[in-house]
Amino acid sequence: QGFLQLVHVILRMDPFKYHGTISDEEARVYTEVADAQLYLLTQMCSANSLLVKASLRACWKKVANVPCAMEKTSRYHATIATICRKDPWAADCLMEQIKHDWPHRAREEEKLTLNATQALRTLDYVPQILNRLLETYIDGCLSIDVEIFISDDGEVSVQFMKKKAAEEVDVMDATSPVKSTTAANEPEKHCMDVPEMALKLDKLMLTLFEFVD
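Attention in this report is confined to the structure presented alongside it. These numbers were taken from a predicted model, which means no experiment stands behind them.

A few words on the packing of helix H5 (residues 90-100) against helix H7 (residues 130-145). Geometry of a packed helix pair, given as the angle between the helix axes and the separation of the axes. Two elements in contact, H5 and H7, have axes separated by 10 Å at closest approach and are oriented at 5°. Here H7 runs roughly parallel to H5, going by the angle between their axes. Between H5 and H7, the contacting residues are Asp92, Met95, Ile98 and Lys99 on the first element and Arg132, Leu133 and Thr136 on the second. Here the contact of H5 with H7 is built from residues that sort into three nonpolar, one polar and three charged.

This is the structure in structure tokens:
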């Protein structure tokens, strides 16, 4: 039990996460602690392959969830690459994690682009997941594209918002006109989301084209 708790603490540690301004000496200490932690992760995975999945999950979430300095990103990618090189099962685990954590289309454009960029970067050291990664990537793009609906009269709207609003109207009590009116007006309110959805799709496609190029 004590060993599992220790492993849990090691996986959750983020030496790069500190508050406020720090001196160069403090930054050097944080970096040394980070290097020691990441080296320990790779050795733990070498000693026990059951820790591979949890270690990859911990590293991946630290680079794909929030923007961070290149120094931190590079170190975590190097750690993931080392684990994948030592364990033939690790590449599949990494792909599962990337697919599992792929952001929903409703997330912010910055979040979608960050995740896509980091996912494509993994192909530098695990090219064997190329086909599966591109399939996941394109599915993410299509989930945005199919929701941008152009009606016969040229009106552009976000289709999944319309469906949601229509369903709410169906289940509303007919004796409550206030609620029904609010739900029926939701598609018009969400029409403003079309440029945002289009921007997300453009950013994702641009990121992919830059990678291919």
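Here H7 spans 22 Å end to end across 16 residues, near enough to the 22 Å set by a 1.5 Å rise per residue. Inspection of H7 places Leu133, Thr136, Tyr137, Gly140, Cys141 and Ile144 among the buried residues, and these make up the whole buried set. When H7 is viewed along its axis, its buried side chains cluster within an angular range of 135° and face the same direction. Those residues of H7 that are exposed and aimed more than 90 degrees away from the buried face are Asn131 and Glu135.

Moving on, we get to a nonpolar patch on the surface. A cluster of nonpolar side chains, Leu130, Phe211 and Val212, forms an exposed patch at the surface whose accessible area comes to about 260 Å². Take phenylalanine 211: it is sitting in helix H11 (residues 194-212).

With that settled, consider the nonpolar core. Within the largest apolar cluster, 43 residues are counted, with the highest numbers of intra-cluster contacts made by Leu56, Ile98, Leu133 and Tyr137. Those elements that provide at least two residues to this core are helix H1 (2-12), helix H2 (24-47), helix H3 (52-64), helix H4 (70-86), H5, helix H6 (109-121), H7 and H11. Here isoleucine 98 is in contact with Trp60, Ala119, Thr122, Ile129 and Leu133, once residues within four sequence places are set aside.

Another aspect to go through is the environment of glutamate 110. Here glutamate 110 lies in helix H6. With relative accessibility at 54%, the residue glutamate 110 sits in the exposed group. Taking C-alpha positions, glutamate 110 is 8.4 Å from lysine 200, a pair spaced 90 residues apart along the chain.

Before going further, it helps to spend a moment on the packing of aromatic side chains. To describe a pair of aromatic rings, you give the distance between the ring centres and the angle between the ring planes. One pass over the structure, following the stated rule, counts one aromatic pair. Ring geometry for tryptophan 102 and tyrosine 137: centres 5.5 Å apart, planes at 65°, overall edge-to-face. Remark: tyrosine 137 occurs in helix H7 and tryptophan 102 occurs in the loop between H5 and H6; sequence separation between them is 35 residues. Residue tyrosine 137 is classed as buried on the basis of its relative accessible area, which comes to 0%.

With that settled, consider the pattern of salt bridges. One pass over the full model with this rule turns up 10 salt bridges. Between arginine 28 and glutamate 32 there is a salt bridge whose closest N-O contact spans 2.4 Å. Residue arginine 28 and its partner glutamate 32 are both found in helix H2; the two are separated by four residues, about one turn of the helix. Of the charged contacts in the structure, one is a salt bridge between glutamate 108 and arginine 107, with a shortest N-O distance of 3.5 Å. Residue glutamate 108 is classed as partly exposed on the basis of its relative accessible area, which comes to 44%.

Relative orientation of the contacting elements H6 and H11 amounts to 20°, with a least axis distance of 9 Å. The pairing of H6 with H11 is recorded here as roughly parallel in orientation. Note that H6 runs across H11; the crossing there is right-handed. Residues Glu109, Leu112, Thr113, Ala116, Thr117 and Leu120 of H6 form the contact with H11, whose participating residues are Leu199, Lys200, Lys203, Leu204, Thr207, Leu208 and Phe211. A per-class count over the contact of H6 with H11 returns seven nonpolar, three polar and three charged.

To continue, consider H4. With 17 residues, H4 should reach 24 Å at 1.5 Å per residue; the first-to-last C-alpha distance of 24 Å fits that figure. Those residues of H4 that fall on the buried side of the exposure criterion are Lys72, Thr73, Tyr76, His77, Thr79, Ile80, Ala81, Thr82, Ile83 and Cys84. Residues of H4 that are buried in the fold lie against H2, H3, H5 and H6.

This next bit is on the side chain of glutamine 37. Its place among the elements puts glutamine 37 in helix H2. Glutamine 37 sits in the buried class, given a relative accessible area of 4%. Here methionine 13 takes part through its backbone oxygen, which lies 3.1 Å from a polar atom of the side chain of glutamine 37. Residues within four places of glutamine 37 in sequence aside, it is in contact with Ile10, Met13, Pro15 and Tyr76.

What counts and what doesn't
Residues numbered from 1 in each chain as written. Predicted model: local features only at pLDDT ≥ 70, side-chain atom pairs only at ≥ 80, totals over all residues. Heavy atoms only, no water. Axes fitted to C-alpha atoms, helices over the stretch in contact; angles between N-to-C directions. Helix = DSSP H or I, 4+ residues; strand = E, 2+ residues; numbered from the N terminus. Parallel < 35°, antiparallel > 145°, perpendicular 65-115°, else oblique. Contact = heavy atoms within 4.5 Å. Nonpolar A, V, L, I, M, F, W, Y, C, P; charged D, E, K, R; others polar. Expected span 1.5 Å × (residues − 1). Buried < 20%, exposed > 50% of the residue type's maximum accessible area, 1.4 Å probe, protein only. Arc of directions from axis to C-beta. Patch = residues over 30% accessible without salt bridge, like charges linked within 9 Å, V, L, I, M, F, W, Y side chains within 5 Å. Areas by Shrake-Rupley, 256 points an atom, 1.4 Å probe, with all protein chains shown as cover. Salt bridge = Lys/Arg side-chain N within 4 Å of Asp/Glu carboxyl O. Core = buried A, V, L, I, M, F, W, Y, C linked by side-chain atoms within 4.5 Å. Phe/Tyr/Trp six-rings, centres within 6.5 Å; stacked < 30°, edge-to-face > 60°. Left-handed = near helix turned anticlockwise from the far one by under 90°. Polar contact = N/O pair within 3.5 Å; in protein donor to acceptor, adjacent residues only side chain to side chain.

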